[in-house]
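The primary structure of each chain is shown beneath.
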Amino acid sequence: MFENVLGQTRVCEELARDAGNKELPGSLLFDGPPDCAKLTTALELARALSCTQDGAWNCQCQDCVRHKALSHPDVLIMGPKNHREELGAGVSMLERSPCQASRYFFARAARKLARRFDRV
């Protein structure tokens, strides 16, 4: 859980602990400076909580697959976001280090942009 969230180790450990102990509050507010992984952390927490197996990042249950593709019906992404910078960061990562993690970051940035145009 939270393997794709970079630079937020303490927060992710606390969220994983609270989720494992079923001590999460009814709602959470993710706040912080730009590009500090707020949305990624929220999406990953939602994926892990709806997982029908163990919540591992490589889980292939239907809920996890849909969450990773940002196509889960319970996910709604709203609000302003600077897509140009995020997509640019993805391209830069692909150029510097063309690996699975950088491909995933770029694809996820593109999916986040596309989800903002959902009819919902």
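Residues numbered from 1 in each chain as written. Predicted model: local features only at pLDDT ≥ 70, side-chain atom pairs only at ≥ 80, totals over all residues. Heavy atoms only, no water.

What to know about the state of the cysteines
Evaluation of the coordinates by the stated rule reveals zero disulfides. Looking at C36, it has no disulfide partner, and the nearest cysteine sulfur is the one in C12, 11 Å off. Looking at the unpaired C51, the closest cysteine sulfur is the one in C64, lying at 3.5 Å. (Disulfide = S-S within 2.5 Å.)

Brief notes about unusual backbone geometry
You will see that K22, though not glycine, has its phi angle at about 55°, which is positive. Inspection of the secondary structure puts K22 in the loop between α1 (9-20) and α2 (38-50). A positive phi angle, close to 80°, is found at A37, a residue other than glycine. Relative to the helices and strands, A37 resides in the loop between α1 and α2. (Helix = DSSP H or I, 4+ residues; strand = E, 2+ residues; numbered from the N terminus.)

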